[in-house]
Amino acid sequence: VSCGRTGFFSYLYGLFGGAPTGAITLRDCLLQYYEQEELSGGDKYKCDHCKQHHDSIKKLSLIQPPEVMTVHIKRFKYDAFFGNNTGSKLTDSVEFPMTDLNVRQFTKPSEKYREEQATTIYDLFALVEHRGNLSGGHYVGYVQHEGSWFECDDTRISPVSAEFVSKVEAYILFYRLRCPRARVEERENILGMVERGGGESQVWISKLWWHRWLNVVNPGPIDLTGFTCHHGKVHIPTSDEAKLKSIPVTVWDTLLAKYKGGPQIGTLGECEECVAEREEMNRRRRCEQKMVHESDKTYIEPGQAWFIVDKQWLQSWLAFVNEDLHRPPPGPISNDRLLGQDGAPIEGLERGLNYRGVNLEVWNIFHRIYGGGPAIVRSRLDIYSPACPVPRSALGTVQVMQ
């Protein structure tokens, strides 16, 4: 928006007012969508620079052509008459190209996206049709697979001709960015290098990025950050090895020179520092679990009290001590979820569902390690029963609930 004083394309809304004077084309809709618009009167724009409302000019542009462009044609409209909202379906025929949709004229030149803007031609590969009216209807999909078109009507899949698809009353159109010949040749060349490079030294690349390179025009930088750790080293657990693909080092060098990114992964394995940290964390898990197991009881001795603990926090701790889950420590004890602003228990709490009770020994173990609170102490395992005196040996800031 340009202020009169200081001087993406996801959804397309084609406006179909009144009876059409001729065939409406998708390009007509695009031209209207990207048409310069004056904002005045009640639509004045508040300028970010001068902080005042002024007559302004609104202009939309396409900056980075997406790999898949979704075009949503406005098929439903709502009008207000005498305070009542009425709606109707717009059934105007909109002619759309099956191939060669060029959006170059709607693209604003950008040095940042210069490479992405080199290709602006799209081909249709799927669409959605709405059959029916505003009160009820049915959605049918059409998709192209290996050059042939298919109608997808719930569980029924039927072959149809491209001519049939071109006459469908389209609601949502899906266009794929056309791969230029240079990219096709690049793929063929590199795939040939992979086949011939079996005897070369191998490095590892993300299968996800590799599939992007195979299927999209602009795959972006080689991304292997998910295979490095916070120590800045390569860290690949055995469970993650299936996410990688080996390629000859000459292929890696070729891809890296064009797409940048990294880092290079020459060998599979885990970071030694990460392994040591994990072993230390597992020792802590086993130690905490052992201490709590030895002290925990389903009852309390006469004269002792129950310490109420939020069940959500307890479940986080149980997940942490389970070595198979690899969860982080639960953080401080958080009983605040059980209490209102006045410090009293909120209504509707159920034992076993919202809270559990632990004895003094277990409470002290938890609080010594994690801190938090506040302590909710009861002579009976009922959060709504009267508060009882807190043992002097209880750790943590004590808050007695009346």
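Residues numbered from 1 in each chain as written. Predicted model: local features only at pLDDT ≥ 70, side-chain atom pairs only at ≥ 80, totals over all residues. Heavy atoms only, no water.

S.K.: So what exactly am I meant to see when it comes to the sheet that holds strand β25 (residues 376-378) here?
M.R.: Hydrogen bonds between backbone atoms are what pair the strands of a sheet, whose relative direction is either parallel or antiparallel. Pairing is antiparallel across the open sheet formed by 3 strands, whose spatial order is β23-β21-β25. Edge positions in the sheet fall to β23 (355-358) and β25, since each of these pairs with one other strand and no more. For this sheet, the mean angle separating the axes of adjacent strands, direction not counted, is 40 degrees. The sheet strands contacting helix α7 (residues 311-321) are β21 (306-310) and β23, and the helix crosses β21 at an angle near 80 degrees. Docked against the sheet, helix α8 (residues 360-370) engages β21 and β23, running at close to 45 degrees with respect to β21. (Pairing = 2+ DSSP bridges. Helix = DSSP H or I, 4+ residues; strand = E, 2+ residues; numbered from the N terminus. Axes fitted to C-alpha atoms, helices over the stretch in contact; angles between N-to-C directions. Contact = heavy atoms within 4.5 Å.)

S.K.: It is not clear to me how helix α5 (residues 249-259) should be interpreted in this structure. Could you clarify?
M.R.: Helical geometry: 3.6 residues make up each α-helical turn, so side chains three or four residues apart lie on a common side. Every buried residue of α5 is accounted for by Val251, Trp252, Leu255 and Tyr259. Down the axis, α5 shows its buried residues gathered within 100 degrees of arc, on one side only. Those residues of α5 that are buried lie in contact with α3 (181-196), β17 (202-206), α4 (207-215), β18 (222-223), β19 (244-248) and β20 (261-262). Directly beyond the C-terminal end of α5, a positive phi value near 60 degrees is found at Lys260. (Buried < 20%, exposed > 50% of the residue type's maximum accessible area, 1.4 Å probe, protein only. Arc of directions from axis to C-beta.)

S.K.: Mind showing me how you'd approach the packing of helix α6 (residues 272-295) against α8 here?
M.R.: Relative placement of two packed helices is described by the angle separating their axes and the distance separating the axes. Between α6 and α8, the least distance of the axes is 8 Å, while the angle of their chain directions is 155 degrees. Regarding the angle of α6 to α8, the classification is roughly antiparallel. Between α6 and α8 lies a crossing whose hand is right-handed. Two secondary-structure elements touch here, α6 through Arg284, Glu288, Met291, Val292 and Ser295 and α8 through Glu361, Val362, Ile365, Phe366, Ile369 and Tyr370. A class-by-class count of the residues in the contact of α6 with α8 yields 7 nonpolar, 1 polar and 3 charged. (Parallel < 35°, antiparallel > 145°, perpendicular 65-115°, else oblique. Left-handed = near helix turned anticlockwise from the far one by under 90°. Nonpolar A, V, L, I, M, F, W, Y, C, P; charged D, E, K, R; others polar.)

S.K.: Explain the pattern of salt bridges to me, please; I cannot follow it from the model alone.
M.R.: Oppositely charged side chains may form a pair once their charged atoms are brought near each other. For the coordinates displayed, the defined rule picks out 21 salt bridges. Its salt-bridge partner being Arg156, residue Asp153 comes within 3.0 Å of it at the nearest N-O pair. For Glu270, the salt bridge is made with Arg278, and the minimal N-O distance between the two is 2.7 Å. Using a relative accessible area of 31% as the deciding quantity, one classes Glu270 as partly exposed. Several salt bridges converge on common partners, so that one network encompasses Asp100, Asp123 and Arg178. (Salt bridge = Lys/Arg side-chain N within 4 Å of Asp/Glu carboxyl O.)

S.K.: What am I meant to see in the side chain of Thr107 here?
M.R.: Mapped onto the secondary structure, Thr107 falls in the loop between β11 (101-102) and β12 (121-132). A distance of 3.0 Å separates a polar side-chain atom of Thr107 from the backbone oxygen of Val103. Leaving out residues up to four positions away in the same chain, Thr107 has contacts with Leu62, Ile63, Gln117 and Thr120. (Polar contact = N/O pair within 3.5 Å; in protein donor to acceptor, adjacent residues only side chain to side chain.)

S.K.: What should I look at first to understand the pairing of strand β16 (residues 170-177) in this one?
M.R.: On any regular strand, side chains alternate: one points to one face of the sheet, the next to the other face. For strand β7 (residues 68-72) and β16, the ladder comprises 5 bridges, and the chain directions are antiparallel. For Thr70, the partnering residue across the bridge sits in β16 and is Phe174. Here 7 bridges tie β12 to β16, and the two strands are oriented antiparallel to one another. Paired with Leu124 across the strands is Tyr175, a residue of β16.

S.K.: What should I look at first to understand the nonpolar core in this one?
M.R.: The nonpolar side chains of a soluble globular protein tend to be buried, and buried together. In this structure, Leu26, Phe96, Leu101, Leu124, Leu127, Leu173 and Tyr175 are the most contacted members of the largest nonpolar core, which totals 28 residues. Of all the secondary-structure elements, those providing two or more residues to this core are α1 (26-33), β7, β12, β13 (137-145) and β16. The biggest single contributor to this core is β16, with 4 residues. Among the nonpolar cores identified, the runner-up in size contains 21 residues, and Ala305, Phe320, Phe366 and Cys388 belong to it. (Core = buried A, V, L, I, M, F, W, Y, C linked by side-chain atoms within 4.5 Å.)

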